[in-house]
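Chain and residue survey
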Amino acid sequence: MTGSFTRRDGVLYAEDVALPAIAEAAGTPVYVNSAGGMRRQARALLDAFAGHDVRICYAVKANHHLAVLRLFAGMGLGMDTVSGGEIARALKAGCPPERIVFAGVAKDTDEMRLGLAQGIFQFNVESIEELRRLGQVASAMGRRAPVALRVNPDVAAGGHDKISTGKKGDKFGVPIEDASAILAEAATMAGIEPVGLHCHIGSQITELAPFEAAYRRVLEAFTAIREGGVELTRVDFGGGFGVRYQEPPKFTIADYARMVLRLTSGLGASVVLEPGRFLVAEQAVLVARAIYLKETATHRFLVLDAGMNTLIRPAMYGAWHDILPVVAKDGPLVPTEVVGPICESSDFFARGRPLPRMMEGDLVAIMQAGAYGSVMASDYNSRPGPAEVMVDGERFTVITPRRAVERQYEDETVPPWLE
Ligand code: LLP
């Protein structure tokens, strides 16, 4: 349990609010976010880099809810976005454009125009093709796009194959050895202002060594490119800091900050960071209710009203999330299959998890659900989408009501020739 979620008299609380009260008010399944916890994480990062030219840009993709973006924007964080939609959300939440980074594998022309018209801080460009397109779009608008080129430093890292991004053959960035030629070309384009290099080697990285190895390569290239005459002023190291799911990461944010500051001291460049998971993962839980306890001769299935459509991480990445009874139960722990209501065998949260004897109607909390949880939820099987709540001390607000089924099909049209 993290600081935001604690037990009092056997009942699980989010800050100072009991989870059963939230389940009552918002229905289940419901994501419960701790504003205090998010602030604490952001503060830890800001403090670790205080007094240095380091910009923290929250990776919006981890949880793009306007309330979450507002909270971080209000603390002075920038936003790392990967689509026109995320830029729109960041702006709507009050993030000034000059704090917005636009990354992402492929930006289309309309998205480029949006970023340019708003005067965002930086475009993280992923290929020579994208660079040329951005140059043309910017010239046509009479603008210059500040560009950091994403390089692939060929370092393997990340909690899972599906979230590792920095190896040769991954679709991300340009091979680091090509960066110099590409930036030399960039410097000749009227619509481009080359400002730096960018890398992001993966997510849920629990050791410091791969970060350091990748950053060293990026900084070598950075120095060489500068010596070649392209005036780079920023280095963007991406995100990826691991959090505790089952095991805690082997470094603290203070260790990470020391490493970054050591590598970049005397460089004369600003540092940009794009953490997502670190800021939110442990600051939300998914509260679900058991619809049935189904017992067979060999297994005990706890069937929840949340499924892979609500939180896909276990099904998609084999991810571990702690699962706790919301109201503590005495008695022995029994291996339990914690599953959802979706018609697929991949729809599970845990297999053979030792839990007290949970029953129909009981509430469970699926922990560490704040990053890549609600944002990856879908309408699959047309079940009502999860509600979301934000807690701050003793107060809470339903920030997304449970999405009624009617809302899922309100934009669908049956062709007149089928009526
Ligand atoms: N910057 C870039 C360019 C990224 O691609 C990502 C994440 C981040 C920053 C933020 O990384 P973080 O600090 O959150 O690790 N859905 C997966 C994770 C996908 C991560 C994608 N990129 C999961 O649930 O584990």
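Above this text is the structure in question.
A brief look at the structure comes next. (Residues numbered from 1 in each chain as written. Predicted model: local features only at pLDDT ≥ 70, side-chain atom pairs only at ≥ 80, totals over all residues. Heavy atoms only, no water.)

Take the overall build of the protein chain next. From N to C terminus, the protein chain includes 12 helices and 21 strands. For the protein chain, whose C-alpha radius of gyration is 23 Å, the value lies close to the compact-globule estimate of 22 Å for 419 residues. Expressed as lengths along the three principal axes of its C-alpha atoms, the size of the protein chain is roughly 70 × 60 × 40 Å. Evaluated residue by residue, the protein chain yields a buried proportion of 56% over its 419 residues. A sequence separation of at least 24 residues applies to 69% of the contacts in the protein chain between residues at least 6 apart. (Helix = DSSP H or I, 4+ residues; strand = E, 2+ residues; numbered from the N terminus. Rg over C-alpha atoms; globule rule 2.2 N^0.38 Å. Buried < 20%, exposed > 50% of the residue type's maximum accessible area, 1.4 Å probe, protein only. Contact = heavy atoms within 4.5 Å.)

The environment of the ligand is made up of 18 residues, and the closest members are Ser203, Glu274, Arg277, Arg313 and Tyr372. Within the side chain of Glu274, one N or O atom sits 2.7 Å away from a nitrogen atom of the ligand. When the ligand sits alone it has 580 Å² of accessible area, and the protein chains cover 91% of it. Taken together, the residues of the shell around the ligand sort by class into six nonpolar, six polar and six charged. (Near = heavy atom within 4 Å. Polar contact = N/O pair within 3.5 Å; in protein donor to acceptor, adjacent residues only side chain to side chain. Areas by Shrake-Rupley, 256 points an atom, 1.4 Å probe, with all protein chains shown as cover. Nonpolar A, V, L, I, M, F, W, Y, C, P; charged D, E, K, R; others polar.)

As a further point, take the packing of aromatic side chains. Each aromatic ring pair is summarised here by two numbers: the centre-to-centre distance and the angle between the ring planes. Scanning the entire structure with this criterion turns up 12 aromatic pairs. Seen from their ring centres, Phe241 and Tyr256 are 4.4 Å apart, and the 55° between their planes marks the pair as tilted. You can see Phe241 sitting in the loop between strand S12 (234-236) and helix H9 (253-264) and its partner Tyr256 sitting in helix H9, a full 15 residues away along the chain. Each member of the pair, Phe241 together with Tyr256, is buried. Linked through ring pairs, Phe49, Phe211, Tyr215, Phe237, Phe241, Phe251, Tyr256 and Phe278 together constitute an aromatic cluster. Residue placement shows Arg234 over the ring face of Phe121; its charged tip is 3.8 Å from the ring centre. (Phe/Tyr/Trp six-rings, centres within 6.5 Å; stacked < 30°, edge-to-face > 60°. Lys NZ or Arg CZ within 6 Å of the ring centre and 35° of its normal.)

Together, Val414, Trp417 and Leu418 make up a nonpolar patch on the protein surface, roughly 400 Å² of accessible area in all. Looking at the element boundaries, Trp417 is found in the segment after helix H12 (405-408). Here Trp417 falls in the exposed class, since its relative accessible area comes to 69%. (Patch = residues over 30% accessible without salt bridge, like charges linked within 9 Å, V, L, I, M, F, W, Y side chains within 5 Å. Salt bridge = Lys/Arg side-chain N within 4 Å of Asp/Glu carboxyl O.)

This next bit is on the packing of helix H8 (residues 208-227) against H9. Where H8 contacts H9, the two axes come as close as 11 Å, and the packing angle between them is 20°. In this view, H8 runs roughly parallel relative to H9, as classed from their interaxial angle. Every pair of crossing elements has a handedness; the one defined by H8 and H9 is right-handed. On the side of H8, the interface is formed by Leu208, Phe211, Glu212, Tyr215, Arg216 and Leu219, while H9 contributes Asp255, Tyr256, Met259, Val260, Arg262, Leu263 and Thr264. Its residues assigned to classes, the contact of H8 with H9 shows eight nonpolar, one polar and four charged. (Axes fitted to C-alpha atoms, helices over the stretch in contact; angles between N-to-C directions. Parallel < 35°, antiparallel > 145°, perpendicular 65-115°, else oblique. Left-handed = near helix turned anticlockwise from the far one by under 90°.)

Below, the discussion takes up the nonpolar core. Counting 86 residues, the largest nonpolar core has Phe49, Tyr58, Phe72, Leu197, Tyr215, Phe237 and Tyr256 as the members making the most contacts within it. Among the elements that line this core, the one with the most residues is H8, at eight residues. If we skip the residues at most four places from it in the chain, Phe237 touches Cys199, His200, Tyr215, Val218, Leu219, Tyr256, Val260, Thr264, Val271, Val272 and Leu273. The next biggest cluster of nonpolar side chains, apart from the first, holds 19 residues, and it includes Ala23, Ala26, Val326 and Ala387. (Core = buried A, V, L, I, M, F, W, Y, C linked by side-chain atoms within 4.5 Å.)

Across the sheet, three strands lie side by side as S1-S2-S3; this open sheet has antiparallel pairing. Among the strands making up the open sheet, the edge pair consists of strand S1 (5-8) and strand S3 (17-18). Here strand S2 (residues 11-14) pairs with S3 via two bridges, running antiparallel. Note on S3: the bridge partner recorded for Tyr13 is Ala18. (Pairing = 2+ DSSP bridges.)

What follows concerns the packing of helix H2 (residues 35-48) against H9. At a minimum axis separation of 9 Å, H2 and H9 run at an interaxial angle of 30°. Every pair of crossing elements has a handedness; the one defined by H2 and H9 is right-handed. Of the residues in H9, those in contact with Ala44, Leu45 and Ala48 of H2 are Ile253, Ala257 and Leu261. Grouping the amino acids of the contact of H2 with H9 by side-chain chemistry returns six nonpolar, no polar and no charged.

Across all of its chains, the model carries 17 salt bridges by this definition. With its nearest N and O atoms 3.2 Å apart, the salt bridge here joins Asp110 to Arg113. Remark: Arg113 and Asp110 occur in helix H5 (residues 109-118); sequence separation between them is three residues, near one turn of the helix. Close ionic contact of Asp392 with Arg395 constitutes a salt bridge, the shortest N to O distance being 2.7 Å. Linked by salt bridges that have partners in common, Arg39, Asp392 and Arg395 make up one network.

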